[in-house]
Amino acid sequence: MSTAEATWRVAVDRQACIGTGVCAGSAPEQIEIRDGKAAALRPEVGPSDALLDAAEMCPMAAITVTDVATGRVLAPEE
C-alpha cells in the first residue's frame, strides 16, 4: 500500500487533554478545540505530517495516531 492510499485513525483522550490548543494550531485541518478540549474533526484521515507533529507536541500525550491497516501507533513515539 502506498502512502497516498494509507488511512490513519486519530484518537483524542479528552479526559487527558488539558486544552492547550497546540495541536489545533499545528494541525487545524484535523484537530479543533471543542468545549475547551481537543477533538478530531474526522476519526480517519490520510497521512499528514502536521497531524504527527500535533500528536508529538501534546504535553499530555492525549492524541494517538494509528495506521488503520497495520494497527501500528505512529504517534506519539514511545
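Shown above is the structure to which this text applies.
Structure report, in brief.

The rules behind these values
- Counting restarts for each chain: residues are numbered from 1 in the order of the written sequence.
- Reporting in this predicted model follows two pLDDT cut-offs: at least 70 for local features of residues, and 80 or more for side-chain atom pairs to be given and counted; totals over whole chains, interfaces and linings ignore these cut-offs and use all residues.
- Heavy atoms throughout the structure, all of them, feed into the side-chain values; hydrogens and water do not.
- In what follows, salt bridge is the name for a side-chain nitrogen of Lys or Arg lying within 4 Å of a carboxyl oxygen of Asp or Glu.
- Each helix corresponds to a stretch of at least 4 residues labelled H or I by DSSP, and each strand to a stretch of at least 2 residues labelled E; elements are numbered beginning at the N terminus.
- The buried label applies to any residue whose accessible area, calculated with a 1.4 Å probe on protein chains only, is under 20% of its type's maximum; exposed applies above 50%, and partly exposed to all values in between.
- Within 3.5 Å is the distance limit for a polar contact, defined as a pair of N or O atoms, with the added protein rule that one can donate a hydrogen and the other accept it, and that residues adjacent in sequence qualify only through two side-chain atoms.
- The contact criterion used throughout is that any non-hydrogen atoms of two residues lie within 4.5 Å.
- To qualify as a nonpolar core, a set must consist of buried Ala, Val, Leu, Ile, Met, Phe, Trp, Tyr and Cys residues joined through side-chain atoms within 4.5 Å.

A word on the pattern of salt bridges
Following the criterion strictly, the structure yields 2 salt bridges and no others. When the shortest N-O distance is used, the salt bridge between glutamate 44 and arginine 9 registers 2.7 Å. Of this pair, glutamate 44 sits in strand β4 (residues 44-45) while arginine 9 sits in strand β1 (residues 8-12), and the two are 35 residues apart along the sequence. On the accessibility criterion, arginine 9 (37% relative accessible area) is partly exposed. With a closest N to O distance of 2.6 Å, arginine 34 and glutamate 32 form a salt bridge.

Considerations on the side chain of glutamine 30
Inspection of the secondary structure assignment puts glutamine 30 in the loop between α1 (22-26) and β2 (31-34). Using a relative accessible area of 10% as the deciding quantity, one classes glutamine 30 as buried. At 3.3 Å, the side chain of glutamine 30 and the side chain of serine 48 are in polar contact. Apart from the residues within four sequence positions on either side, glutamine 30 is in contact with Ala39, Ala40, Leu41, Arg42, Val45, Ser48 and Leu51.

So, unusual backbone geometry
Residue proline 76 is reached from alanine 75 by a cis peptide bond, and omega for that bond is 0°. By the secondary structure assignment, proline 76 is in the segment after β6 (73-75). Of note in this structure, aspartate 35 is not a glycine but carries a positive phi near 55°. Along the chain, the position of aspartate 35 falls in the loop between β2 and β3 (37-40). The exposure class of aspartate 35 is exposed, given its relative accessible area of 74%. Positive phi outside glycine occurs at alanine 61, with the angle close to 50°.

Concerning the nonpolar core
In terms of nonpolar packing, the biggest core is built from 19 residues, with Trp8, Cys23, Ile31, Ala38, Leu51, Ile63 and Val65 touching the most fellow members. The residues touching leucine 51, leaving out its near neighbours within four places in the chain, are Trp8, Val10, Ala27, Gln30, Ile31, Val45 and Val65.

Note that every value here comes from positions in space, so none of it alone points to a role or purpose.
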